[in-house]
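These are the residues of each chain, in order.
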Amino acid sequence: MEQFIPEALFILFMLCFVAQMGFLLIQQRRLAVYQVSQQNLSAVTLPISVIISARNEAKNLPHFLPAILEQHYPQFEVVVVNDCSVDDTHHILLKISQKYPHLKLVTVTEHPRFKTGKKFALTMGIKAAKYEHLLFTDADCKPASPQWIAHMAANFTGKTEIVLGYSPYIKTGGFINAFTRFETLKTGINYLSAAIAKNAYMGIGRNLAYTKSLFFRNKGFAAHLHVLAGDDDLFVNSHATPDNTAVEIHPNAFTFTESKRTLKGYFRQKKRHMGVGKLYQNKHRRMLSFEALTGFLFYITLGLCIYYLMDNRVLLTMVASAYLLRLIVQVVIYYQAAKKLTGTGLIWFLPLYDLLHNLYLIVFGLIGAFIKTTKWK
């Protein structure tokens, strides 16, 4: 029996190793080898409505909104929905609108018997938008360049109805910021690789575009209106197809935002995000759950194998070799992907961040499954 335990742990470790290598070489490698196309932006003239939901964003709007309003694009409007704000958001938006005539304001007020959320605010913004093609971001986001709209709009060709962008966090300092940027990088590698493989399962609301026709044809957010979050990933998960989804990862098409500064803020944000995963399509839920579970067990069995196999040099050497091989392949693939997503500095700490990220997925996955979030902001 004592001999059976280390052998069983070794077998389980190797199975997890094979599964993790499969994700790296088959799935995540797609973004690493993906070639960013060069677009003729001067030929892109599709009218665009940029939609932003703003709740109590008086501090952020003067800092971020002008960069959106001053985009180098021939025909666009910016629709900002003042979502039940109790600060100076309304007055600041009125002041900004005096300078920018293409800024359209929509106001949502709290009903005493009906609690509104971000999905309701976005729906009001979509209804107010005058153009067919919609581009979404948040009030605390800043485009990487004046060509952000042009890059995203250039993907609306043929059957394309959804364009997935990328939104990294601004590098500041401290562990929370670094880990948040790594988590965003890892998430980006996964969902962009899946979209490149014609199996899109999510998008990021800080940088996402789709058509008004797609929205209303599928009754908007009605299928998951009871869920607080998911205006971005659940919508994409429900309506993306192999033919109607494109990705845009040119560095000038990114939108940057600031990360949470405290553990409390980070915890609240991630609890809200992780709670929607259980509503993904079955094939996507199984794929993501299998990657998270094998990643978690990979590190758990690694530690147990080191403990139980100290006297078995052959098996211990095989365990160490498997760990190093996975790490080397991961560094190579992640570095190539990170060059596209402006996150190469994070690769230096990959062994630590990857370990913590696999633990984080299990912890927040359980929290999201059993604890309900009651407010979106």
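Small disclaimer: the values here were computed from a predicted structure and weren't measured. (Residues numbered from 1 in each chain as written. Predicted model: local features only at pLDDT ≥ 70, side-chain atom pairs only at ≥ 80, totals over all residues. Heavy atoms only, no water.)

## Re helix α6 (residues 175-196)
Reasoning step 1: Counted at 1.5 Å a residue, the expected span for α6 with its 22 residues is 32 Å, and the 31 Å between its end C-alpha atoms agrees.
Reasoning step 2: The buried fraction of α6 is high, at 20 of 22 residues.
Reasoning step 3: Two residues or fewer after α6 comes Lys198, characterised by a positive phi angle close to 65°. (Helix = DSSP H or I, 4+ residues; strand = E, 2+ residues; numbered from the N terminus. Expected span 1.5 Å × (residues − 1). Buried < 20%, exposed > 50% of the residue type's maximum accessible area, 1.4 Å probe, protein only.)

## Let's talk about the sheet that holds strand β4 (residues 133-138)
Reasoning step 1: The mixed open sheet is built from seven strands, whose spatial order is β3-β2-β1-β4-β7-β6-β8. Edge positions in the sheet fall to β3 (103-108) and β8 (245-247), since each of these pairs with one other strand and no more. Along the sheet, successive strands turn relative to each other by an average axial angle of 20°, direction set aside.
Reasoning step 2: As paired strands, strand β1 (residues 48-54) and β4 are joined by six bridges and run parallel to one another. Bridge pairing in β4 places Ser53 opposite Asp138.
Reasoning step 3: Packed on one face of the sheet, helix α2 (residues 61-69) meets β1, β2 (76-83), β3 and β4 and runs near 155° to β2. (Pairing = 2+ DSSP bridges. Axes fitted to C-alpha atoms, helices over the stretch in contact; angles between N-to-C directions. Contact = heavy atoms within 4.5 Å.)

## A short note on the pairing of β3
Reasoning step 1: The sheet contact formed by β2 and β3 spans six bridges and is parallel. Following the sheet pairing, Val80 is matched in β3 by Leu105.
Reasoning step 2: For the crossover that starts at β2, traverses helix α3 (residues 89-99) and ends in the parallel β3, the hand is right-handed. (Right-handed = clockwise from strand over helix to strand, strands pointing away.)

## Some details on the packing of α6 against helix α11 (residues 313-340)
Reasoning step 1: Where α6 contacts α11, the axes come no closer than 10 Å and their chain directions differ by 95°. The pairing of α6 with α11 is recorded here as roughly perpendicular in orientation. Here Phe182, Leu185, Lys186 and Ile189 of α6 lie close against α11, whose contacting residues are Tyr334, Ala337 and Ala338. (Parallel < 35°, antiparallel > 145°, perpendicular 65-115°, else oblique.)

## A word on the state of the cysteines
Reasoning step 1: With the rule as written, the count across this model stands at zero disulfides.
Reasoning step 2: Free of any disulfide, Cys305 has its nearest neighbouring cysteine sulfur in Cys16, separated by 9.8 Å. (Disulfide = S-S within 2.5 Å.)

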